[in-house]
Amino acid sequence: MRFYKGKESYDNIKDVVDLCLCHKEYNHCVSNSDDGVIIEIDPNDELDTLNVTERYGLQIKSKEKLTTTTTTEAPEVTQALGFENLTDEIAIATQAQQNLMFVVGSMTSDQKQNMSQQLDEFVLKCSFNQKDCDMEKDFTLYYDNTYGNCFTFNHRGASSHRAGTNYGLRILLYANVSEYLPTSEAVGFRITVHDKHIVPFPDAFGYSAPTGFMSSYGVRMKQFIRLIAPHGHCKQGGEEDPNFIYKGFNYSVEACHRSCAQKLIIEMCHCGDPMFPIPNITGVAPCRATDVVQRECLRNATLYLGDLYAKEKKGVPGCFCHQPCE
């Protein structure tokens, strides 16, 4: 038994050293070294009437309850989060990124947008056709499940009267590195040039722009008009399909494939992949990050989707994603 007379507060050292807990008035210590439990005595306790056995039993039960809770839940959580048998730092970081998407996917749209970077923080300077941008009217917000808040320029259809970099869109962007998560692999921006009526999909069709450099992108428009049946297999419309999950956007092949994948996942797992929009269907919610059954089902569904496209090359049964006619 040792007595402590230092200046450090007991609350700051009780978890790292084995000390006797003394009564502040009587300087009396009660301890059981066999179980490593030091009975905590309140200054208001009367030592003459203190039931040491009862107090000791309560602390033992509290310690056992805490230990039991920790050991039974940890393996299930680890299995659900996918960290089992992972030792490589890159693999662990990649799995952590996916887990974060699951956690954020369970939030509301307003919560997601408020967590991400805002336009006034992101775009510091902007000009188009040698005129100042109207930040409120020229940009519209689109939330991407991978990159967070994205801002679409020229959704109103403005045009430049001359070609060249001086007459196009010129912007100065700010990357607030202090708010980057430890799972972030790089610092920079993701830029996507797309039709204003279709979903951008920056993860599939975007270009990365590094910080500290001037990046220049030149674009050239190509328009395809495909033949309808019986001369071709293009698709007219498609966004009115009830399984199309990108509401407010026109049909595109990528949006169709992701809608089909989400439909299959919901049918198999009874929950939605948070990497895709969740359809407004009663009883359907994003798969939870710590639910072992849902996460395992989602992994199996993803492997099944891969086999459908890679081996059979037919895609999801009953889902046909032809090129749009225009």
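Conventions used here
- Residues numbered from 1 in each chain as written.
- Predicted model: local features only at pLDDT ≥ 70, side-chain atom pairs only at ≥ 80, totals over all residues.
- Heavy atoms only, no water.
- UniProt positions renumbered as here; feature names shortened; annotations may be inferred.
- Phe/Tyr/Trp six-rings, centres within 6.5 Å; stacked < 30°, edge-to-face > 60°.
- Helix = DSSP H or I, 4+ residues; strand = E, 2+ residues; numbered from the N terminus.
- Lys NZ or Arg CZ within 6 Å of the ring centre and 35° of its normal.
- Pairing = 2+ DSSP bridges.
- Polar contact = N/O pair within 3.5 Å; in protein donor to acceptor, adjacent residues only side chain to side chain.
- Expected span 1.5 Å × (residues − 1).
- Buried < 20%, exposed > 50% of the residue type's maximum accessible area, 1.4 Å probe, protein only.
- Contact = heavy atoms within 4.5 Å.
- Core = buried A, V, L, I, M, F, W, Y, C linked by side-chain atoms within 4.5 Å.
- Disulfide = S-S within 2.5 Å.

Under an unreviewed UniProt entry, the name given to the chain is Amiloride-sensitive sodium channel, and the organism recorded is Parelaphostrongylus tenuis. Recorded in UniProt under Sequence similarities (unreviewed entry), the annotation for the chain is "Belongs to the amiloride-sensitive sodium channel (TC 1.A.6) family." For the record of the chain, the UniProt heading Subcellular location (unreviewed entry) holds the text "Membrane".

So, on to the packing of aromatic side chains. Working definition: an aromatic ring pair is given by the centre-to-centre distance plus the angle between the planes. This structure, assessed with the given rule, holds 9 aromatic pairs. Taken together, a centroid distance of 5.6 Å and an interplanar angle of 85 degrees make the contact between Y142 and F249 edge-to-face. Of the two residues, Y142 is situated in strand β5 (residues 139–144) and F249 in the loop between β9 (207–210) and α8 (253–269); the sequence distance between them amounts to 107 residues. Site record: aromatic cluster; members linked through ring pairs are F201, F205, F244 and Y246. Lying over the aromatic face of F102, R295 brings its terminal NZ or CZ to 4.0 Å of the ring centre.

Another aspect to go through is the sheet that holds strand β4 (residues 131–132). Note on sheets: strands pair through backbone hydrogen bonds, and any given pair is parallel or antiparallel. Ordered in space as β4-β3-β7, the 3 strands form an open sheet in which the pairing is antiparallel. The strands lining the two open edges of the sheet, one partner per strand, are β4 and β7 (169–173). Pairing analysis gives 5 bridges linking strand β3 (residues 123–128) to β7, with the strands arranged antiparallel. Looking at β7, one finds that K125 is bridged to L172.

Turning our attention to the environment of D291. For D291, the location among the structural elements is in the loop between α8 and α9 (292–312). Sequence separation between D291 and E76 is 215 residues, and the spatial gap between their C-alpha atoms is 8.4 Å. Side chain to side chain, D291 and R288 meet in a polar contact 2.5 Å long.

Taking 1.5 Å per residue as the helical rise, helix α3 (residues 89–105) with its 17 residues ought to reach 24 Å, and the 24 Å between its terminal C-alpha atoms agrees with that figure. Taken together, the buried positions of α3 are Q95, A96, N99, M101, F102 and G105. Sitting at the amino-terminal end of α3 is D88, which places a side-chain oxygen 3.0 Å from the backbone nitrogen of I90.

Turning to the environment of E185, a few remarks are in order. The topology assignment puts E185 in the loop between β7 and β8 (188–191). Given the relative accessible area of 62%, E185 is considered exposed. Remark: the alpha-carbon pair of E185 and A93, spanning 92 residues in sequence, is separated by 8.5 Å. In contact with E185, not counting residues within four places along its chain, are T94 and Q97.

Turning to the nonpolar core, a few remarks are in order. Y246, C260, L305, V316 and C321 are the most contacted members of the largest nonpolar core, which has 29 residues in total. Taken together, the elements giving at least two residues each to this core come down to α8 and α9. In terms of residues, this core owes the most to one element, α8, which gives 7 residues. With residues near it in sequence (within four places) discarded, C260 still touches V316, C319 and C321. In terms of nonpolar packing, the next biggest core, distinct from the first, is built from 7 residues, L119, C126, F128 and F139 among them.

By the definition in use, this model includes 6 disulfides. Between the sulfur atoms of C234 and its disulfide mate C325 the distance is 2.1 Å. The S-S bond linking C234 to C325 shows a torsion near 85 degrees; that makes this disulfide right-handed. Linking C234 in the loop between β9 and α8 with C325 in the segment after α9, this pair joins segments that are 91 residues apart in sequence. By the burial criterion, C234 is buried, and C325 matches it. Residue pairing for C271: its cysteine sulfur links by disulfide to C287, the two sulfurs lying 1.9 Å apart. The sign of the 85 degrees torsion about the S-S bond sets the C271-C287 disulfide as right-handed. Linking C271 in the loop between α8 and α9 with C287 in the loop between α8 and α9, this pair joins segments that are 16 residues apart in sequence. Judged by its relative accessible area of 2%, C271 is buried.

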